[in-house]
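Observations on the model geometry
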Number of protein chains: 2
Amino acid sequence: MSNNKFTTISTIGRQGLIQKIADSYSDSTNEVPVGIGDDAAVLRKNEKEFGLLSSETYTEGVDFDPTFTPMHHLGAKLLTAAVSDIYAMNGKPTAILINLAIPNRVSVEMIEQLYKGFQQGCKDYDCTISGGDVSASHGALTISLSVYGVVEQNKLVRRKGAKIDDAICLSGDIGGAMAGLRILLREKQHWQDSGIEVMEPDLSSYQYVVQRQLLPFARKDLISGFEENNIVPSAMTDISMGLINDLSNLCRASEVGAYIYQAAIPIHLETRDVANELEEEVDKYAMFGGEDYELLFTLPEKDVDAFSKKFNDFVVIGKINVQKNSVKVQLAEGDIWEFEDGKQKI
Amino acid sequence: MSNNKFTTISTIGRQGLIQKIADSYSDSTNEVPVGIGDDAAVLRKNEKEFGLLSSETYTEGVDFDPTFTPMHHLGAKLLTAAVSDIYAMNGKPTAILINLAIPNRVSVEMIEQLYKGFQQGCKDYDCTISGGDVSASHGALTISLSVYGVVEQNKLVRRKGAKIDDAICLSGDIGGAMAGLRILLREKQHWQDSGIEVMEPDLSSYQYVVQRQLLPFARKDLISGFEENNIVPSAMTDISMGLINDLSNLCRASEVGAYIYQAAIPIHLETRDVANELEEEVDKYAMFGGEDYELLFTLPEKDVDAFSKKFNDFVVIGKINVQKNSVKVQLAEGDIWEFEDGKQKI
């Protein structure tokens, strides 16, 4: 290597590296009207529609733990994560490409189970497995998904576009995926300590949160709700990295700020129970936990009223304001937490 | 795992696993007219054009060797491999998505070098980096590229479509990438045996083959040649896995057979020299070596004559016949090698 400087990636962080790449390569062209920096790239398609393209890579031991993740659940979950990026642009997924780098200890049967999960996901989200590739890996199982989708041009929603005074809305509830992960990691620890051969924990008291972690569902129903009621959010993204992170990205793209209310953040009762049981703060699950695949979107007040009469699985958690890149959370006790570019100000 | 059967992937092989997946999931839909089983998936775009989508994953230590692969060369090479799949459908690449799973020992500077290679490739092939993602890896650096392209509907060329008596044509020359790899592996062995810290071999006698391995170029010029001369091949694929393999895939898709002449296979003089020096058979490099990224295509005789007057970097190596899935190679000495489904018949 002729370049002798060695800056570790942890110095600038994953987000810093992505930003560095985005800053250098955020070209838009006639064929690619929107490039890096949103949930999906936007491609020229025809006079009425855009194409949407997104891809993600998942590495065993980093992004998933094979100890407690059955292969068919893994396939379905990764498919959910992939299509969620298309829904976050208000589009519909149509084609999925799947690339696998497979180590020796993975069997043909395991890959078949994985594909059963992919296929279930394709059925749920009306898309098809349309290609991909298979290669070897000396280490971890690595799975890359590319998803292509379509959106009518006048229905495209980006992270950019939130307006001052828009309501900040959130579908479903959040923090559940993290609560589920906490329980699964605890059970894994018990199992490892016990020396028993097979991990078969009793998870019956944790069904909701474990399902949120292992088998989440992307909000196709919300996108259909928008379509049926002629609602187009001013901005949108999905909850993949955690509310504060994802809201900060939406604010940065829209050049606005956000003020949200802790008390308004939707949290499932079982998520609260898990936090209590583990003596952790449920608000941290909700604000910083990722992988819920709910949709975070902004709407003018008038649309909120109209839409809430037709679709009831969303809540308003706050409002957009002029304070660029600032996300403020008013806690139930009255204190305010402030985040700038996703980092807490002290 | 409830399923206790464990069939290793080596039992059925990479190609067997891909075939198994393709057989189960080769749906075509209104949105995806051509799914699994060609160089790229074909997507509905507009009345005149199709979209094309392809993706590949490369794992350090399996698909590339960081000892002798500079990061910027690696970026450019992987981009070449990605766009080659689009050219193989007679299309033009427009957008690239890049996913990285990065281990700790890779620095920010190394990633910047890698992106310089991607950017150079995008410049060469008129496309843009339009998205992707970055995650961590505990083991190998893993790189996935998704490439989107476009093709006029009446210019789409598939593996399927070769007709009886069509000429089998090949651009450039082949076997060079494998010759380059042989030299690099030999130099790596010398270096490891020597105990010297930095690997700096004298490769001046091997410039052509080393470039074919480290910095190959996809045949954009041939696709332009087809366009300018109103030629549409009856079938096409790229040389990524080796002539016999890739020709066998084309024959299977087209439900035809092939008869080719060893003496007609284009091999560079330096490729021959390397084989002589290493006391290996150059025909094996040419028939089974991959990664040349030349294009293999079929044309009716009348088009061959017309096109060869306008574009001179291709040769005819044989002819399509009725013997389904059979590839025969007539050796210079008169013997015939026969392959069925890519496997040699003895």
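Residues numbered from 1 in each chain as written. Chains lettered and ligands numbered in written order. Predicted model: local features only at pLDDT ≥ 70, side-chain atom pairs only at ≥ 80, totals over all residues.

**Considering the overall build of chain A**
Summing up its helical and strand segments, chain A has 10 helices and 13 strands in all. Overall size of chain A, expressed as C-alpha extent along the three principal axes, is 55 × 50 × 50 Å. Taking all 346 residues of chain A together, the buried fraction comes to 51%. When contacts within chain A are restricted to residue pairs at least 6 apart in sequence, those whose partners lie at least 24 apart make up 82%. (Helix = DSSP H or I, 4+ residues; strand = E, 2+ residues; numbered from the N terminus. Buried ≥ 20, exposed ≤ 12 C-beta atoms within 10 Å, placed from the backbone. Contact = placed C-beta atoms within 7 Å.)

**Regarding the sheet that holds strand β12 (residues 336–340) of chain A**
Residue and element names in this part refer to chain A. Across the sheet, eight strands lie side by side as β7-β9-β6-β10-β8-β11-β12-β13; this open sheet has mixed pairing. Of all strands in the sheet, those bounded by a partner on one side alone are β7 (235–238) and β13 (343–345). Averaged over all adjacent pairs, the angle separating strand axes in this sheet is 25°, with direction ignored. Examined bridge by bridge, strand β11 (residues 326–330) and β12 share five bridges and lie antiparallel to one another. Paired with Gln330 across the two strands is Ile336, which belongs to β12. Sheet strands touched by helix α7 (residues 243–254): β7, β8 (257–261), β9 (295–299), β11 and β12. Its angle to β7, the strand with the most contacts, is close to 150°. (Pairing = 2+ DSSP bridges. Axes fitted to C-alpha atoms, helices over the stretch in contact; angles between N-to-C directions.)

**Focus on the domain arrangement of chain A**
Residue and element names in this part refer to chain A. Along its sequence, chain A is organised into domain 1 (38–155) and domain 2 (167–345). Contacts between the two partners involve 17 residues from domain 1, matched on the other side by 19 residues from domain 2. Ranked by residues supplied to the side of domain 1 that touches domain 2, first place goes to helix α2 (residues 71–87) with nine residues. Per-class residue counts for the side of domain 1 that touches domain 2 are seven nonpolar, six polar and four charged. (Domains from an automatic or database assignment. Nonpolar A, V, L, I, M, F, W, Y, C, P; charged D, E, K, R; others polar.)

**Observations regarding helix α1 (residues 9–25) of chain A**
Taking 1.5 Å per residue, 17 residues should reach 24 Å; α1(A) reaches only 19 Å between its end C-alpha atoms and comes up short. Taken as a whole, α1(A) carries its principal kink of about 70° at A:Gln15. Of the residues making up α1(A), those classed as buried are A:Ile9, A:Leu17, A:Ile21 and A:Tyr25. Against the buried residues of α1(A) lie β3 (92–102), α3 (108–125) and β4 (128–136) of chain B. (Expected span 1.5 Å × (residues − 1). Bend = angle between axes of the 7 residues up to and from the residue.)

**Observations concerning the environment of B:Ile96**
Residue and element names in this part refer to chain B. Checked against the element boundaries, Ile96 lands in strand β3. Considered as a pair, Ile96 and Lys5 are 91 residues apart in the sequence and their alpha carbons are 39 Å apart. Among all residues touching Ile96, those that are not within four sequence positions of it are Leu79, Ala82, Cys122, Cys127, Thr128, Ile129, Ser130, Leu145 and Val147.

**A closer look at the relation of the copies chain B and chain A**
Structural alignment of chain B on chain A gives an RMSD of 0.0 Å, achieved by rotating through 180° and translating 0.0 Å along the axis. Expressed as a symmetry operation, the mapping of one chain copy onto the other fits a two-fold axis. Looking at the interface residues of chain B, 100% of them are also at the interface in chain A, so both copies use one shared face. (Least-squares fit on C-alpha atoms with pLDDT ≥ 70 in both.)

**Structural notes on the interface of chain B and chain A**
Taken together, the contact between chain B and chain A spans 63 residues of the former and 63 residues of the latter. Elements with a minimum of two residues in the side of chain B that touches chain A: α1 (9–25), β1 (41–44), β2 (49–59), β3, α3, β4 and β5 (142–152) of chain B. Per-element tally for the side of chain B that touches chain A: the top contributor is β4(B), with nine residues. Here the residues of the side of chain B that touches chain A are counted per class, giving 26 nonpolar, 28 polar and nine charged.

**Observations concerning the sheet that holds strand β9 (residues 295–299) of chain B**
Hydrogen bonding along the main chain pairs the strands of a sheet, whether they run parallel or antiparallel. All names here are of chain B. Strand order in this open sheet of eight strands is β7-β9-β6-β10-β8-β11-β12-β13, and the pairing throughout is mixed. What marks the edges here is a single partner per strand, and that holds for β7 (235–238) and β13 (343–345). Adjacent strand axes in the sheet meet at a mean angle of 25° when their direction is disregarded. One ladder, built from four bridges, connects strand β8 (residues 257–261) with strand β10 (residues 314–321); its direction is antiparallel. Within β10, the position partnered with Ile260 by the bridge is Gly318. Packing against the sheet, helix α7 (residues 243–254) makes contact with β7, β8, β9, β11 (326–330) and β12 (336–340), and its axis sits at approximately 150° to β7.

**What about the nonpolar core?**
Looking at soluble globular proteins, one finds that nonpolar side chains tend to be buried together. A:Leu52, A:Ile96, B:Leu52 and B:Ile96 are the most contacted members of the largest nonpolar core, which totals 207 residues. Excluding residues within four positions of it along the chain, B:Leu52 makes contact with B:Ala40, B:Val42, B:Ile86, B:Met89, B:Gly91, B:Tyr148, B:Gly149, B:Val150 and B:Val151. (Core = buried A, V, L, I, M, F, W, Y, C linked by C-beta atoms within 7 Å.)

**Details of unusual backbone geometry**
Residues and elements named next belong to chain B. Positive phi outside glycine occurs at Asn230, with the angle close to 55°. Structurally, Asn230 is set in the loop between α6 (220–228) and β7. In the Ramachandran plot, Asn325 falls in the positive-phi region, its phi being about 65° despite a non-glycine side chain. With respect to the helices and strands, the residue Asn325 is situated in the loop between β10 and β11.

**Comments concerning the packing of helix α3 (residues 108–125) of chain A against α1(B)**
α1(B) packs onto α3(A) with a crossing angle of 20° between their chain directions and a minimal axis gap of 11 Å. Considering their axes alone, α3(A) and α1(B) lie roughly parallel with respect to each other. The hand of the α3(A)/α1(B) crossing is right-handed. In this structure, α3(A) uses A:Val108, A:Ile111 and A:Tyr115 to contact α1(B), whose residues at the interface are B:Ile9, B:Ile12, B:Leu17 and B:Ile21. For the contact of α3(A) with α1(B), the class distribution of residues is seven nonpolar, no polar and no charged. (Parallel < 35°, antiparallel > 145°, perpendicular 65-115°, else oblique. Left-handed = near helix turned anticlockwise from the far one by under 90°.)

**Quick look at the confidence of the model for chain A**
Chain-level statistics for chain A give a pLDDT mean of 92 and a share of 99% at 70 or above. Scored as a complex, the prediction yields pTM 0.91 and ipTM 0.88. (pLDDT = per-residue confidence, 0-100.)

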